[in-house]
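# Structural description and commentary
Below are the chains, spelled out letter by letter.
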Amino acid sequence: MHPDLTAEPREVGEASGFIIRRGYIREEFHKSMEPPHFETMNLAFTLFDRFGRLKREIFNHPIRRGSGVWSEELDDGNIVLIVTLNVDNDWQRQGVELRLILHLLGQAMASRCNPKFAFVRPAAIYDSKAEKQGPIEEQNGARREPDIIAETSFFRSIQFRRVGVTEWFALARDEKHPSRQLKSTEDIEPCVDDSSDSDSDDEPEMVFCSYSTNKDGNHPKITQTRLTTSFAASEGLEALLKNNGVPRDEAHHTPTSILKRRHPLHCAIKVLTDKECLGFLQSHARNTSTDSLHIESVNAHRDTILHLAAKTSKPACLSWIMDYSNGSRLASMRNNEGYTPLESLKAQVEWERIGEPYGASRTKCLADNFDGFDENTTSCLLRLTGHKTPTAEQQYMAKFGCSCGQCIAGSLSPRMMKALRDEADSLYDLLIHLGSEEDGESWYSDFKDSLIYLPSRLQKHFRRSRILRNVFTELVGAVAKVVAGKGVPHTASVVDSLKDNPIWSQINGHYFQKGGTVAAVVNLVIDNAKEHDTEAGTPLFEVADNDSVFELPTCRNDSEFEFVRRRCIDPENRINDSEEKSHP
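A short tour of the structure in this document, coming up.

What counts, and at which threshold
- Residues numbered from 1 in each chain as written.
- Predicted model: local features only at pLDDT ≥ 70, side-chain atom pairs only at ≥ 80, totals over all residues.
- Heavy atoms only, no water.
- Disulfide = S-S within 2.5 Å.
- Phe/Tyr/Trp six-rings, centres within 6.5 Å; stacked < 30°, edge-to-face > 60°.
- Helix = DSSP H or I, 4+ residues; strand = E, 2+ residues; numbered from the N terminus.
- Buried < 20%, exposed > 50% of the residue type's maximum accessible area, 1.4 Å probe, protein only.
- Lys NZ or Arg CZ within 6 Å of the ring centre and 35° of its normal.
- Contact = heavy atoms within 4.5 Å.
- Pairing = 2+ DSSP bridges.
- Axes fitted to C-alpha atoms, helices over the stretch in contact; angles between N-to-C directions.
- Right-handed = clockwise from strand over helix to strand, strands pointing away.

Scanning the model with the defined rule gives 0 disulfides in all. Looking at the unpaired cysteine 380, the closest cysteine sulfur is the one in cysteine 317, lying at 9.1 Å. Not engaged in a disulfide, the cysteine cysteine 555 finds its nearest cysteine sulfur in cysteine 407; these two sulfurs lie 3.5 Å apart.

Here it is in structure tokens:
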């Protein structure tokens, strides 16, 4: 800025951000967005799924969709992310902030990246200003809120509009976009917690740190464990807490103490174990009239006791609440986030499925390590969806996060089955062609990279053994046959489908007895399907609008190839594992 025409220009403010080229990182969107900055991580995990698509609740959910101006158009295109905006105090309220933002956006939009949308989180802009001005003093929400409102108003004045009911705001480059037609006064304001509800049910959270290194003494690793005082006590860790100066306050956990709280039922669910809490609820119900039990009371977050029983995964308490009260009414009540108890639990376990906080502001990406929800969480999900006596298939679907109701063994969705079937069929046809047209050397040269899951001592025999090449072809065909029959392609099912094959003795003698496995073939099929997937990879051909895949339901487990790999291959997660052990 030029203070006047006679002086040298000097820096009086700054604005910074990122251009996110989504197409280059779509396959590993969360993993790529986590390291650069807290705001890139927050944007990715709050608004987008692991492949960079807008979370469906933001345009499908009756409450979470907010104003409803954002939809699937946010699935594609490059992004501008604004992370800082600071102006010296002497230059405040002189239009400098506006000029900085417009200049930043102008540069970004004029770049070769050609971004379609810009994002900002006003709370982060305020925090960056506070940090720039000096050490940040701890502020409660009430003191910080007016400053965030001011930042929000500024960005609304330049056409940014809230995305759903989140903290994030977006600006569409297209002037005809619905968000550009929405007046700032019509933009949604999410519900906030009742600040007058001073009786907090939250317990202090302890963070324990441990330090370790590898065998060479390099690469130090700090591990953090978070737990509340009551959870530590319930797990027999009182000594650990005591050693850290925070022993469990037993008086805080007695029925008499709990009943003095403003929300005694909420408090009981949060601080007691499932068994203890069930006893408390039953005793309280016996000694209290139905009118004064306040079973439908809500806390500052407008959580009912059913919300808390769901989010803390306490199936015994949850079932009692559903049976004792008007379960259907409680199950339909929404908290300040717009969630019913079932939706609240689903949102929580989705967070746990994709990531785990660590350090001060980092998130470990966990989606590829998902092995299903624990027994208590699964029980709560089933009860909230109306399944008192669920079938084995319903239990699998709840445990493994199926959202379409058609997943095989709860994990392989219809679209995943089609992807595996198509890839296995294509691979089988290719191998048939190679076997008829090429000699061993040519076959091996063309296909050796696909044998990586086989022992190296076996791989070299493919060069000179036509029988071995034919056996491998038949194994691929068997995998295709199992998947086409809506089966899980694990060892037992594939071997069973081969038992009637005329060359079974060759398959067993030349392949299985020499170290070959079904897993090697299944891994190859999964690798190829993932590589050619529209989300997790790059398809060989553009998917036509009339492709049969669009007739299949979408599911949370679509494109989750590493999860499917674990379900098909990992011994800890195989279906009918006891049967598989009797096969090669």
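Don't stop here, the text continues.
Before going further, it helps to examine the packing of aromatic side chains. Each aromatic ring pair is specified by the distance between its two centres and by the angle formed by the two planes. Across all of its chains, the model carries 18 aromatic pairs by this definition. Centroid distance phenylalanine 29 to phenylalanine 48: 5.8 Å. Interplanar angle 70°. Geometry classified as edge-to-face. Of this pair, phenylalanine 29 sits in helix H2 (residues 29-33) while phenylalanine 48 sits in the loop between helix H3 (38-47) and helix H4 (57-60), and the two are 19 residues apart along the sequence. Grouping residues by exposure puts phenylalanine 29 and phenylalanine 48 together as buried. In textbook terms, an aromatic cluster arises when at least three aromatic residues are bridged by ring pairs, as seen for Trp443, Phe447, Phe462, Phe472, Trp504, Tyr511 and Phe512. Just above the ring of tryptophan 351 sits the side chain of lysine 55; from NZ or CZ to the centre is 4.6 Å. Positioned above the aromatic ring of phenylalanine 563 is the side chain of arginine 353, whose terminal nitrogen or guanidinium carbon lies 5.2 Å from the ring centre.

On to the environment of arginine 65, then. In this fold, arginine 65 is placed in the loop between H4 and strand E2 (79-87). A relative accessible area of 32% places arginine 65 in the partly exposed class. When sequence neighbours within four positions are dropped, the list of residues in contact with arginine 65 reads Glu57, Ile58, Phe59 and Gly164.

Pairing within the open sheet is mixed, and its 5 strands lie in the order E1-E2-E3-E5-E4. Each edge of the open sheet is held by one strand with a lone partner, namely strand E1 (13-20) and strand E4 (161-162). Two strands pair when backbone bridges link them, and E4 and strand E5 (residues 169-172) are joined in this way by 2 bridges, in the antiparallel orientation. Across the sheet, residue arginine 161 finds its bridge partner in E5, namely alanine 170. In the packing of H3 onto the sheet, the strands contacted are E1, E2 and strand E3 (117-120), and the crossing angle to E2 comes to about 135°. Contacting E1, E2, E3 and E5, helix H5 (residues 96-110) runs over the sheet at an angle of about 155° to E2.

Inspection of the secondary structure puts alanine 316 in helix H15 (residues 315-324). Assessed through its relative accessible area of 29%, alanine 316 is described here as partly exposed. With 39 residues separating them in the primary sequence, alanine 316 and cysteine 277 have C-alpha atoms 8.7 Å apart. The residues contacting alanine 316, other than those within four sequence positions of it, are Asp274 and Leu278.

Time to look at the pairing of E3. Here is the key point about a regular strand: its side chains alternate between the two faces of the sheet. Side chains Phe117 and Phe119 project from E3 onto one buried face, and the interleaved Ala118 and Val120 project onto a second face that is buried too. Relative to E3, E2 runs parallel, the two sharing 4 bridges. Its bridge partner being in E3, isoleucine 82 is matched across the sheet by valine 120. Running through H5, the crossover from E2 to the neighbouring parallel element E3 is right-handed.

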